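A closer look at the structure
Here's the letter readout for the chains.
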Amino acid sequence: MRTLVVYCHPEPTSFTAAARDAALDGLMAGRHDVRTIDLYAENFDPVLSLGEHANHLAPPETKPDIATHAEALRWCESIVFVYPTWWSGQPAMLKGWFDRVLVQDVAWTLPEGATRLQPGLRNIRRITVVTSHGSTKFINALEGEAGKRTVTRSLRVLCARSCRTQWIALYNIDRAAEATRTEFLQRVRQKLAT
């Protein structure tokens, strides 16, 4: 599959970076065609400016800051997000990427006279999230798992009707033993190889 990996973490030696590497290892083992976007490495600006908001309906090709990201979304059949869960959701950098890149003529269209958005990412048949949580799965469930809902509900409806989602999470990472972390990275490799 043509797979886009969107990675979001500021620290190059973090556990999230190790999870990204495990994901890439698995994808390569599965012979997937892979492109990677590293939001921090490319210094992506997550701020939706006043001018950009005013022109949010303009074609993505007129927005040089996001044009390559839009093209990558049109290219892929599968997307893998690798990030830490902070405050029950995606880091601000990734949320800003959603705000700025998942725009009209990329993620959705609103035809003349229509009252409902039409999915624009029908080429995407699989969404995978590789993430970590500081708290337990139980605490995350009590909090409502807002980040998970953003991907498995809001983003998924913009993709192919048969799009499947996969959530690969290490909960309670702050207390996880080294063996638990190693097992998680192996699980990431195995799941993304298939």
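In this report, we go over the structure that sits alongside the text. (Residues numbered from 1 in each chain as written. Predicted model: local features only at pLDDT ≥ 70, side-chain atom pairs only at ≥ 80, totals over all residues. Heavy atoms only, no water.)

Notes on the pairing of strand 2 (residues 33-38)
Going by this rule: Pairing between strands is defined by DSSP: at least two bridges between them are needed. Only DSSP runs of H or I with at least four residues qualify as helices, and only runs of E with at least two residues qualify as strands; both kinds are numbered from the N terminus onward. Note on handedness: a clockwise path from strand one over the helix to strand two, with the strands aimed away from the viewer, defines a right-handed crossover.
With six bridges joining them, strand 1 (residues 2-7) and strand 2 adopt parallel strand pairing. Paired with L4 across the bridge in strand 2 is R35. Between strand 1 and its parallel partner strand 2, the chain crosses via helix 1 (residues 15-29), and the hand of that crossover is right-handed.

Considerations on the nonpolar core
What tends to happen in soluble globular proteins is that the nonpolar side chains get buried as a cluster. We count it as follows: Put simply, buried Ala, Val, Leu, Ile, Met, Phe, Trp, Tyr and Cys residues joined by side-chain atoms within 4.5 Å make one nonpolar core. Exposed residues in this analysis have more than 50% of their type's maximum accessible area, buried residues have under 20%, and partly exposed residues fall in between, with area computed by a 1.4 Å probe over protein chains only. Contacts are assigned to residue pairs with any non-hydrogen atoms lying within 4.5 Å of each other.
In terms of nonpolar packing, the biggest core is built from 37 residues, with L73, F81 and W97 touching the most fellow members. For this core, the secondary-structure elements that each account for two or more residues are strand 1, helix 3 (64-75), strand 3 (78-84), helix 4 (92-101), strand 6 (126-132), helix 6 (146-155) and strand 7 (164-170). Apart from the residues within four sequence positions on either side, F81 is in contact with V6, L94, W97, F98, I127, T128, V129, V130 and L155. By size, the runner-up hydrophobic cluster in this structure holds 20 residues, among which are V5, Y7, A22 and I173.

Looking at the pattern of salt bridges
Going by this rule: When a carboxyl oxygen of Asp or Glu lies within 4 Å of a side-chain nitrogen of Lys or Arg, that pair is called a salt bridge.
As enumerated under the stated definition, the model contains nine salt bridges in all. Salt-bridge contacts for K95 lead to D99; the nearest nitrogen and oxygen are separated by 2.8 Å. Of this pair, K95 and D99 both sit in helix 4, four residues apart, which is roughly one turn of the helix. With relative accessibility at 34%, the residue D99 sits in the partly exposed group. Each member of the salt-bridge network shares a partner with another, and the members are R2, E77 and R125.

Observations concerning the side chain of H9
Here is the rule we go by: Nitrogen and oxygen atoms within 3.5 Å of one another constitute a polar contact, given that in protein one can donate a hydrogen and the other can accept it, and given that sequence-neighbouring residues count only through two side-chain atoms.
As for its position among the elements, H9 is in the loop between strand 1 and helix 1. With a relative accessible area of 14%, H9 lands in the buried category. A distance of 3.0 Å separates a polar side-chain atom of H9 from the backbone nitrogen of E11. Of note is the side chain of H9, whose polar atom sits 3.4 Å from the side chain of S14. Residues in contact with H9, not counting those within four places in the same chain, are S14, T16, Y40, P84 and W86.

Structural notes on the pairing of strand 1
For a regular strand, the rule is simple: side chains alternate between the two faces of the sheet. The buried fraction of strand 1 amounts to five of the six residues, a majority that puts the element mostly inside the structure. As paired elements, strand 1 and strand 3 share five bridges and run parallel to each other. By the bridge assignment, Y7 is partnered in strand 3 with V82.

With respect to the side chain of R126
Cut-off, in case you're wondering: Counted as positive: Lys and Arg. Counted as negative: Asp and Glu, with His and the chain ends omitted from the count.
With respect to the secondary-structure elements, R126 resides in strand 6. Of the buried charged residues, R126 lacks a salt bridge, with E77 as the closest side chain of opposite charge at 11 Å. Setting aside its immediate chain neighbours within four residues, R126 contacts E77, S78, I79, C163, R164 and Q166.

Notes on the packing of aromatic side chains
Let me state the cut-off plainly: Each Phe, Tyr or Trp ring (for Trp, its six-membered ring) is paired with any other whose centre lies within 6.5 Å, and the angle between the two planes then decides the class: stacked below 30 degrees, edge-to-face above 60, tilted in between. Criterion for a charge above a ring: Arg CZ or Lys NZ at most 6 Å from the ring centre, at most 35 degrees from the ring normal.
Counted by the stated rule, this structure contains four aromatic pairs. Taken together, a centroid distance of 6.1 Å and an interplanar angle of 75° make the contact between F81 and W97 edge-to-face. Placement of F81 in strand 3 and of W97 in helix 4 is noted, with a sequence separation of 16 residues between them. A centroid spacing of 6.0 Å and a plane angle of 55° characterise the contact between W97 and F98, whose relative ring orientation is tilted. Lying across the ring of W75, R35 places its NZ or CZ 4.1 Å from the centre.

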